Each structure stands twice: as structure tokens, then as C-alpha cells.
Amino acid sequence: MKKIKSNIQTFSLAFLLLWTFVACNKEVDATKVISVELKGFNIGDAELEISIDTVVFSKEKVSPNMELNFAKVYAYPSSQKEISLKIKDINSGKEVYNQPLDLNNNELEKFFQFIWIDGKQLEVKPPAADPATNKIGFYIHYPQSNDPIDIFMQNDEGQIAYLARNVQPSTWLYSDYLTSEGFKNPNANYNIYFTKAGTTDTWAFAENQWMSTAYANGIFLPQDGQTGKVCSIFVTPGTVDLRAVRLFKRPR
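These figures come from a predicted structure and were not determined experimentally.

Rules of the game
Residues numbered from 1 in each chain as written. Predicted model: local features only at pLDDT ≥ 70, side-chain atom pairs only at ≥ 80, totals over all residues. Heavy atoms only, no water. Helix = DSSP H or I, 4+ residues; strand = E, 2+ residues; numbered from the N terminus. Contact = heavy atoms within 4.5 Å. Areas by Shrake-Rupley, 256 points an atom, 1.4 Å probe, with all protein chains shown as cover. pLDDT = per-residue confidence, 0-100. Salt bridge = Lys/Arg side-chain N within 4 Å of Asp/Glu carboxyl O. Buried < 20%, exposed > 50% of the residue type's maximum accessible area, 1.4 Å probe, protein only. Core = buried A, V, L, I, M, F, W, Y, C linked by side-chain atoms within 4.5 Å. Pairing = 2+ DSSP bridges. Axes fitted to C-alpha atoms, helices over the stretch in contact; angles between N-to-C directions.

### Notes on the overall build of the protein
Right, on to step 1. Scanning the protein from terminus to terminus reveals 1 helix and 16 strands.
Right, on to step 2. If you take every contact in the protein between residues at least 6 apart in sequence, the share linking residues at least 24 apart comes to 64%.
Right, on to step 3. Of the accessible surface of the protein, which amounts to about 14500 Å², a share of 51% is contributed by carbon and sulfur atoms.

So this is what it looks like as C-alpha cells:
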């Protein structure tokens, strides 16, 4: 009986040590996740490839003259403190973007923007937030014209609310914005029109209304009562429609 009891004690001790070892290893090898979102546009002849750390997302290449609309939940070991979000120009083989991601903080959602125009990255430098208002910024890529452009919303009753006036193509312009009467319904999708400055019906792009129209629900403008938001928006006409891309984190 003593021998059996001794064997049981030895087995129990061995099991306890094994469990402790496994538990420690599980703690060391615990997996964490972050959400990574990348918004932007690729203008020109380049084909872009996105990677996070050593993972290459080869099935999600960004073709020339297409939007970057990348969103992934990425898993990593808890011992890892930093990874990198990278973009490569497949044609040249060059890395054109490298953004380190700090994993030491508790930020679970990472957002970045990247605009690539004919081999150069467009700088996006939004102004500081103002708690009294919102800042709405537009950059219009339209090499066909240098004429300034007005941007306004219109509701079903024909009311107009301007988002920006006299926007010069290839230049960032930020304007103050607060939701006005007639545009406070969060469930409505208001039309956003781009016209030659000083007009409401001379279309800015290709003299075509369809090519000069975007929609508020795709841009996520600040809602009624919200202030302190800074929203940068990149705009360029496509082959059949207008592309308006938000360059800020999607509101929750």
C-alpha cells in the first residue's frame, strides 16, 4: 500500500509540474488580435501588394486606378511587440510604404491612409480637431481641369448645404461643418454634388451629373450634434462614376 501511495504521489507531482509547464507555455504563446484598416487610392500604372509582418495578402492586390479598401483582423503572439504594415509596388519590386504598428498599447483598432499618385505618396495632414465644430477636407484629383469646384449636399426637398467652396484640384481644403436643418436625418442618404464654383448645375467632371455625384452615406459625415470630428476625403472621377474615399476611421 505504501508503494501504491508513493506512486500516486509521484504521479500527482509529475502531473502538477506538467500542468504548470503547459500553463506557462500557454501564457507565453497566447494569441492576441488587432484590427487593421487601410483606406486610399492607387492612381497610375502600379499594382500594389499589401502585407502585415510576414503575411502577404497576394489575393488582394490593388490594381491601377482603384481604391484601397483593406481591412483585416490580424493575430500575433503576445510576446511580439511590433509588426509592420507594408505596401509594395509589384511592377518595380520596391516597397513604397512601411508603417510600424506598436503592439504595446491597448489600441485594438489601427487605421491608416495611403494615396499613391503616379509613383508618389500624397501627404495627408489634417488640421487639429476643434471641439466647437467639425473639419471636412477634400482633395480632388482631376488633371483635366484646374477650375475651382463647389461641393454641396441636397435633400429631397431641394435644400442645399455647402460642404466646401472653391476647392482647387490637387490641393487640400478644409472647411468648418455642422449639420444644418434639413440634413439631420441619420437614415437619409443625401446627394453630394460637385459643380463649377459659383454654380449649382454646371457639373465639375466631364460635364456630367452622374460623374459629379457622390452619396453622403458612403462618406460618413458627422451626424447631428456631433463636433470635434476631422474628416479627410479623396475624390477622383472613375471611368463610369465618381470615387469619394474617406481617409478617416469609420465612426462606430
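### So, the confidence of the model for the protein
Right, on to step 1. On average, the protein scores 89 in pLDDT, and the residues at 70 or more come to 88%.
Right, on to step 2. Counted against residues more than four places away or in other chains, residues 1-23, with its pLDDT under 50, gives 0 contacts.

### Let's talk about the pattern of salt bridges
Opposite charge on two side chains makes pairing possible when the charged atoms of those side chains draw close.
Right, on to step 1. Scanning the entire structure with this criterion turns up 11 salt bridges.
Right, on to step 2. K39 is the partner of E67 in a salt bridge, and the nearest nitrogen-oxygen pair spans 2.8 Å. Placement of the pair is E67 in strand β4 (residues 66-77) and K39 in strand β1 (residues 31-43), with a sequence separation of 28 residues.
Right, on to step 3. Among the residues examined, E67 registers a relative accessible area of 29% and is labelled partly exposed.
Right, on to step 4. One network of salt bridges, in which partners are shared, links E49, K61 and K88.

### What about the nonpolar core?
Right, on to step 1. In this structure, I140, I151, M153, I192, F194, F205 and L221 are the most contacted members of the largest nonpolar core, which totals 27 residues.
Right, on to step 2. Counting residues per element, the ones that place at least two in this core are β9 (134-140), β10 (149-154), β11 (160-167), β13 (191-196) and β15 (230-237).
Right, on to step 3. Element by element, the count of residues in this core is highest for β11, at 4 residues.
Right, on to step 4. In this view, I140 contacts I149, I151, V167, P169, S170, F194, F205 and V235; residues no more than four positions away in its chain are not counted.

### Points about the sheet that holds β10
Right, on to step 1. One open sheet accounts for 4 strands, arranged β11-β10-β13-β14; its pairing is antiparallel. Two strands lie at the open edges of the sheet, namely β11 and β14 (213-215), each paired on one side alone. Strand-to-strand, the axes of this sheet are offset by a mean angle of 20 degrees, without reference to chain direction.
Right, on to step 2. Sheet analysis places β13 next to β14, joined by 3 bridges and oriented antiparallel. Bridge assignment links I192 to a residue of β14, and that residue is A214.

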